[in-house]
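Secondary and tertiary structure notes
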Amino acid sequence: MSILEIFLLSLLISFIAVETYWWGGAIYIARPVFAGPLIGLIMGDLQTGLIVGGSVELVFLGGLAMGAYSPPNAYIGGMVGTAFAVMSGGNLEIGIALAYPIGVLVQMVNYLVTNINIVWVERAEKCYNEGKIKQAELFHYASIITRMIVQFFLPTFIALLIGSAAIESFYSSIPAWFSNGLKISAGILPAIGMASIVNTLGFKKGWPYFLGGFVLATYLNMNIMAIALLSLAVAVVMGTIGKSNADSLSFNFSADKSQGILDNKTLRSIFFRSFTSMGSFNYKGYNNIGYVYSIAPALKKIYADNKEAYQESLSRNCEFFNSHPYFSNLVMGVSVALEEQKSKDESVTGASITATKTALMGPLAGIGDSVFQGTYRTIFSAIGAGLCMAGNVLGCFVYLIPQIILAWGTRWAFLKYAYIYGTELVVKLKTSNLFDKFVEGANIVGMMVIAAMTSSFVSIALKPAWTLGGKEIVLQAVFDSILPKFLPLACMLMFYQIMAKKKNGIYICLALSFVIGFAGVIIGLL
Amino acid sequence: MAIVMVRVDERLIHGQMALAWLRQYNVDTVIVIDDESANDMMKTMLLQMAVSGTIKCIVTTLANAKGVIEANKNKNLFLCTKLPAVFLELLKQGVAIPQINIGGIYSTPGRTPYYKTIFLDDAIKRDILALEQYPVKVEYRVVPGDTEIDIISELKKKAK
């Protein structure tokens, strides 16, 4: 690849990666299961992209972002890994093996950039305090662009420059045991993500569903899509057994409330601005600048004839804020409704609005991170990854479409209905047990699908074969006659035990994948 | 069955709590000890929602805390509060706490930064140092996977 091509590719990769801070509203389109195949397609090798993207997605599956913690970066790991695999002529193992180390490096740069961005954040705060709104907004975008260039573009550009040169000169000259070892390791790595999900969902309660999924895949040879759909049916059936009609999901609110002075146009403006609510993340105020940037159009309208109150609300809304990106819109809806009330009567004070935001942001982050990130996205990305690894591009959309529906749907619904109904929306969410029901169903689907994926996509098989008294004995066939796919199952369960028992178990599992791969090839076992 | 883990975090239950801490330790009941939340129906409800399905969440006042802990002593408990003073009081009352994780005390005017998620003023610092007199391990970590930092000896070093 020429330097110009590498430059353009890096620019594209960094633009896709910065989606969560900017144009996508955190639909996580940059995750390996979608972005890997996308990069593969652009570079002319969709198949490689699908398999590398799906596999790398599973490697990164356990890494979840929460608050100040950012996991190893799956976006750059996945996209650069795919690029390497395509550059080396479809050698998947190069991409899969390098993805995690690259992700770890970018994770470190993430912390660096968050610290650098404090420069923009403090200037933005100063501008909001002085009523210089347009300037403040420029600093908000400066944070976003800094992240795109320093955290995403530079590491990608450097990695691709070094990598493409290295691949061209060295790959043909590495010894067979190394590249074979890498191949085997790359077949074991996906078991890490699967073990991570099993650990998260809880094997002790979910093992019957796991067993069911394993049997369907191994003995009946059902494909992933079929098992996923079947598991959905099972989940719904299990959810409705023993439940009375009183447990309804309808959202009937108490009174007909009018919308107040913020019309849909203003709400839409907040909705689109909220896509960047994580853009100026910093360790002092967290998502404070993103918050005030998003609700600014509402504040302008609410305090149109009271410049002092407008200025006060702008400054006040620069206070600490951190919540889940979609649930942040719920807090925004509640807080702008309160600001509207404040502008009309003295009973609502700035301090009470702050207190309400503070009370809401933590717990909603808890629900958001565990349900939306830890369960919803994880399940769909696992199913999508499974389909991609089978070479089916449908997998990309099985992941992305539910993500878009969730991200944009909740952002709008939370914003609008929290604005109209206030905290009553939260009460409704609690009494409907919507999230608990969803998590229970997701556990069933997750267990069955992961079991199927363990059977289908963890590649570990014994090579030894010999003749004894005229008969050919293949070691793997002996195992298969007892329990097919025994080795993938054992490997995944071993990883699960390690992750459940040990802190930072994922690093042990990563190391083991490579040790087993290389040792296995050298001994001649794998 | 007992108190499995104890955390000081001004935001009480949030993303890291629900996702990392409660999953790392085999917890079946979370007890939030915070007078303000216990006396506010909306806050109590939010905290209960924040904890995922199978885990129970009890929100109680400092005065009732010891009783609630006793009543649930055969469960795996995770205690959570905003500031160290609460646990200091519980230790004084004789509650057996094995380890306290100082996780999040955030930036407000008048506090000095010590770590990424720890901002202290003199009163809070005194409370943390006072924990030393009890047989309890006090450490700083943001997420369970981090290395445990002996916050008391670090604070004493900085004071010199």
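Each residue is numbered by its place in its chain's sequence as written, counting from 1. Whichever chain is written first is A, and whichever ligand is written first is 1; the rest continue in order. Given that the model is predicted, a residue must reach a pLDDT of at least 70 before its local features are reported, and side-chain atom pairs must reach 80 or more before they are shown or counted; all residues, however, enter totals for whole chains, interfaces and linings.

1. Notes on the overall build of chain B
Threshold: We count a stretch as a helix when DSSP gives it H or I for four or more residues in a row; a strand needs E for two or more, and each element gets its number in order from the N terminus. Radius of gyration means the value over C-alpha atoms here, while the globule rule gives 2.2 Å times the residue count to the 0.38 power. The burial criterion counts other C-beta atoms lying within 10 Å of a residue's C-beta, which is placed from the backbone; the residue is buried at 20 or more, exposed at 12 or fewer, and partly exposed between these limits.
Helix and strand content of chain B: seven helices and eight strands. Expected size for 160 residues packed as a compact globule is a radius of gyration near 15 Å; at 15 Å, chain B falls within 12% of this value. Projected onto its principal axes, the C-alpha positions of chain B cover 45 × 30 × 30 Å. Sorting the 160 residues of chain B into buried and exposed places 40% on the buried side.

2. Section: the overall build of chain A
Along chain A, the regular secondary structure elements total 22 helices and two strands. A globule of 526 residues ought to have a C-alpha radius of gyration of about 24 Å, and chain A, at 25 Å, matches this closely. Overall, chain A is about 95 × 65 × 35 Å in size when its C-alpha atoms are taken along their principal axes. Counting only residues that meet the buried cut, chain A has 52% of its 526 residues in that class.

3. Examining the domain arrangement of chain A
Test applied: How far each domain reaches was decided by an automatic or database domain assignment.
Segmenting chain A into domains produces domain 1 (264–371 + 407–433) and domain 2 (459–523). Centre-to-centre separation of domain 1 of chain A and domain 2 of chain A, based on C-alpha positions: 51 Å.

4. Examining the interface of chain A and chain B
Rules: Residue pairs are scored as contacts if the distance between their C-beta atoms, which are placed from the backbone, is within 7 Å. In the scheme used here, Gly and all other residues not listed as nonpolar or charged are polar, with Ala, Val, Leu, Ile, Met, Phe, Trp, Tyr, Cys and Pro taken as nonpolar and Asp, Glu, Lys and Arg as charged.
With 30 residues of chain A at the interface, the matching set in chain B holds 29 residues. Those elements giving two or more residues to the side of chain A that touches chain B turn out to be α16 (350–389), α18 (424–431) and α19 (434–457) of chain A. Per element, the largest residue contribution to the side of chain A that touches chain B is 11 residues, and it comes from α16(A). The class makeup of the residues in the side of chain A that touches chain B is 14 nonpolar, 10 polar and six charged.

5. What to know about the sheet that holds strand β1 (residues 3–9) of chain B
Residue and element names in this part refer to chain B. Basically, it comes down to this: Here, a strand pair is defined by DSSP locating no fewer than two bridges between the strands. Every axis corresponds to a line fitted to the C-alpha atoms, with the helix fit spanning only the stretch in contact, and the corresponding angles, defined between N-to-C directions, vary from 0 to 180 degrees.
Read from one edge to the other, the open sheet built from six strands follows the order β3-β2-β4-β1-β5-β8, with strand pairing classed as parallel. Taken across any chain shown, the strands that pair with only one partner, and hence form the sheet edges, are β3 (56–60) and β8 (137–140). Pairs of neighbouring strands in the sheet enclose a mean axial angle of 20°, with direction left out of account. By the bridge criterion, four bridges tie strand β5 (residues 99–104) to β8 in an arrangement that is parallel. What sits directly across from Q99, in β8, is K137.

6. Quick notes on the packing of helix α13 (residues 288–302) of chain A against helix α14 (residues 307–316) of chain A
All names here are of chain A. We count it as follows: Small angles under 35 degrees read as roughly parallel and large ones over 145 as roughly antiparallel, with 65 to 115 read as roughly perpendicular and the rest as oblique. Crossing handedness follows the turn of the near helix against the far one: under a right angle anticlockwise gives a left-handed crossing, and clockwise gives a right-handed one.
Here α13 crosses α14 at 165°, and the two axes come no closer than 10 Å. On the basis of their axis angle, the class for α13 and α14 is roughly antiparallel. The crossing of α13 and α14 is right-handed. Of the residues in α14, those in contact with V292, L299 and K300 of α13 are Y310, S313 and L314. Of the residues assigned to the contact of α13 with α14, the class counts are four nonpolar, one polar and one charged.

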